[in-house]
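# Tertiary structure, described
Each chain is listed here by its residues.
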Amino acid sequence: MKSDKSKRVVLVTCGSLAEARRIARGAVNARLAACVNIVRAPVESVYRWKGAVEKAREYLLLIKTTNRRLPALEEKVRKLHSYEVPEFIALPIVQGSRAYLRWLAECVRQPAIRKKIRRKKTRRRAGPGLGRPLSPRRLQYPPRAAPGRR
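Residues numbered from 1 in each chain as written. Predicted model: local features only at pLDDT ≥ 70, side-chain atom pairs only at ≥ 80, totals over all residues. Heavy atoms only, no water.

### Looking at the overall build of the protein chain
A tally of helices and strands in the protein chain yields three helices and six strands. Moving toward the C terminus, one meets the helices and strands of the protein chain in the order β-β-α-β-β-α-β-β-α. Out of the 150 residues belonging to the protein chain, those deemed buried represent 27%. When contacts within the protein chain are restricted to residue pairs at least 6 apart in sequence, those whose partners lie at least 24 apart make up 69%. Roughly 11,600 Å² of accessible area belongs to the protein chain as shown, and the carbon and sulfur atoms make up 53% of that amount. (Helix = DSSP H or I, 4+ residues; strand = E, 2+ residues; numbered from the N terminus. Buried < 20%, exposed > 50% of the residue type's maximum accessible area, 1.4 Å probe, protein only. Contact = heavy atoms within 4.5 Å. Areas by Shrake-Rupley, 256 points an atom, 1.4 Å probe, with all protein chains shown as cover.)

### Re the pattern of salt bridges
In the structure shown here, the tally under the stated rule is six salt bridges. Here glutamate 44 ties to lysine 55 by a salt bridge, and the two come within 4.0 Å at their closest N and O atoms. In this pair, glutamate 44 is assigned in strand 3 (residues 35-49) and lysine 55 in strand 4 (residues 52-66), connecting sequence segments eleven residues apart. We classify glutamate 44 as exposed; its relative accessible area is 56%. Where lysine 79 meets glutamate 75, a salt bridge forms, and the shortest distance between an N and an O atom there is 3.9 Å. Pair noted here: lysine 79 and glutamate 75 are both in helix 2 (residues 70-80), with a separation of four residues, about one helical turn. Given a relative accessible area of 38%, glutamate 75 falls into the partly exposed group. Here the salt bridges do not stand alone but share partners, grouping Glu74, Glu75, Arg78 and Lys79 into one network. (Salt bridge = Lys/Arg side-chain N within 4 Å of Asp/Glu carboxyl O.)

### Quick word on the sheet that holds strand 4
Read across the sheet, four strands follow the order 3-4-2-5 without closing on themselves; strand pairing throughout is antiparallel. Across the chains shown, the open sheet's two edge strands, defined by having one partner strand only, are strand 3 and strand 5 (89-92). Pairwise comparison of adjacent strand axes, ignoring direction, gives a mean angle of 30 degrees for this sheet. In this structure, strand 2 (residues 7-14) lies alongside strand 4, joined through eight bridges in antiparallel fashion. Along strand 4, the bridge assignment pairs lysine 7 with threonine 66. Together, strand 2, strand 3 and strand 4 form the strand contacts of helix 3 (residues 98-108), whose direction differs from that of strand 4 by roughly 95 degrees. (Pairing = 2+ DSSP bridges. Axes fitted to C-alpha atoms, helices over the stretch in contact; angles between N-to-C directions.)

The values reported here are purely geometric and, on their own, carry no functional implication.
Below, the structure written as structure tokens:
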């Protein structure tokens, strides 16, 4: 077992199974979560909303992620969720298997962004000087023959 303070389990409730699946797939596809468990048996929620006590059948998501990915995950849930104020509660993972926590971190790691390197425009030709930058003198057309040659 490994102690780790950077990993989180996020609780999100959804109004339908279809919505739960859409949020789960969106979070994993965007590398915001390593794994999302969908509790298929609905939970009964009792809550206060706009001054009245309400109850609803909901589906619970258990989302595994890292602390660094929480803001982006919350944004994704907010975009995909039908509720005006979706539940989004992050709990720390105090301990877990070393292999599982390593896997979790790898799954949500953002791929490295490769920068395009701008290179100077070069003239492609064989022989010495391959790849030298073009200069106005070398761009003369038609090319002049070397002295003593036609």
